[in-house]
Amino acid sequence: RDCQCEAAAVFAAYSLGLPCFAFQPNALEGAALVLESMGDKPDDNDQFNLQGAMDSLASDAGLLKVLIWLMAPVAMELSKYPQLMASEPREAFGFLERLANKSQYEQSALEGALPVDSEETDAYLRWALAEADLLLRNNAMAVDELSEALAGGAATVGDCVAVLEEW
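Residues numbered from 1 in each chain as written. Predicted model: local features only at pLDDT ≥ 70, side-chain atom pairs only at ≥ 80, totals over all residues. Heavy atoms only, no water.

Student: Pulling in residues and values, what's your account of the nonpolar core?
Tutor: What tends to happen in soluble globular proteins is that the nonpolar side chains get buried as a cluster. In terms of nonpolar packing, the biggest core is built from 46 residues, with Val34, Val66, Leu67, Trp69, Phe95 and Leu146 touching the most fellow members. Listed by contribution, the elements that provide at least two residues to this core are α1 (2-16), α2 (27-38), α4 (60-80), α5 (90-105), α6 (118-138), α7 (140-151) and α8 (157-164). Here this core takes eleven residues from α4, the largest share from any one element. Here Trp69 is in contact with Ala9, Ala12, Ala13, Leu16, Leu18, Cys20, Ala22, Pro25, Glu29 and Gly30, once residues within four sequence places are set aside. (Core = buried A, V, L, I, M, F, W, Y, C linked by side-chain atoms within 4.5 Å. Buried < 20%, exposed > 50% of the residue type's maximum accessible area, 1.4 Å probe, protein only. Helix = DSSP H or I, 4+ residues; strand = E, 2+ residues; numbered from the N terminus. Contact = heavy atoms within 4.5 Å.)

Pasting the structure below:
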């Protein structure tokens, strides 16, 4: 069960182009990913730093990508089991809450991207869960192969990418 949830998270992150390979996504890591993607712009020497070279996730589309990644383990587990044990659906809400708290104290690009009330937050979370479920169902064979590789216990991130790229 844990390997299936981890495979779902890795597959979602890789498919959505997120610059991370967290096997167990959480609110803190998701928020850090968005904030780091906002990063610095080019410095005086017209050279980009690592964060400046990454596409910003501080947009509706970026936040929804991260939400899909956070909900992927939940979608995987709900599709196979009647009760959640290995995934945590509250991580996605915690992610939005962390970003809302951050944008409350400073002017940021997040203001237009975050949901404005609890109804919109609920809609974001439901949409992300539905999209994660659709992504995983449409790619069930690849996710199952990835899950089997993880179940072996010796899979590295490189091994996971090899499975995803069919090497």
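On we go from here.
Student: Can you explain α1? Please cite residues and give values.
Tutor: In this model, α1 (15 residues) spans 21 Å end to end at C-alpha, consistent with the 21 Å of a helix rising 1.5 Å per residue. Counting buried positions along α1 gives eleven out of 15 residues, so the element sits mostly inside the fold. Of the residues making up α1, those classed as buried are Gln4, Cys5, Glu6, Ala7, Ala8, Ala9, Val10, Phe11, Ala12, Ala13 and Leu16. Buried residues belonging to α1 abut α4, α6, α7 and α8. Where α1 ends, the next residue or the one after it, Gly17, has phi of about 75 degrees, a positive value. (Expected span 1.5 Å × (residues − 1).)

Student: Requested: an account of the side chain of Gln4, with residues and values cited.
Tutor: Mapped onto the fold, Gln4 is located in helix α1. The class of Gln4 is buried, set by a relative accessible area of 17%.

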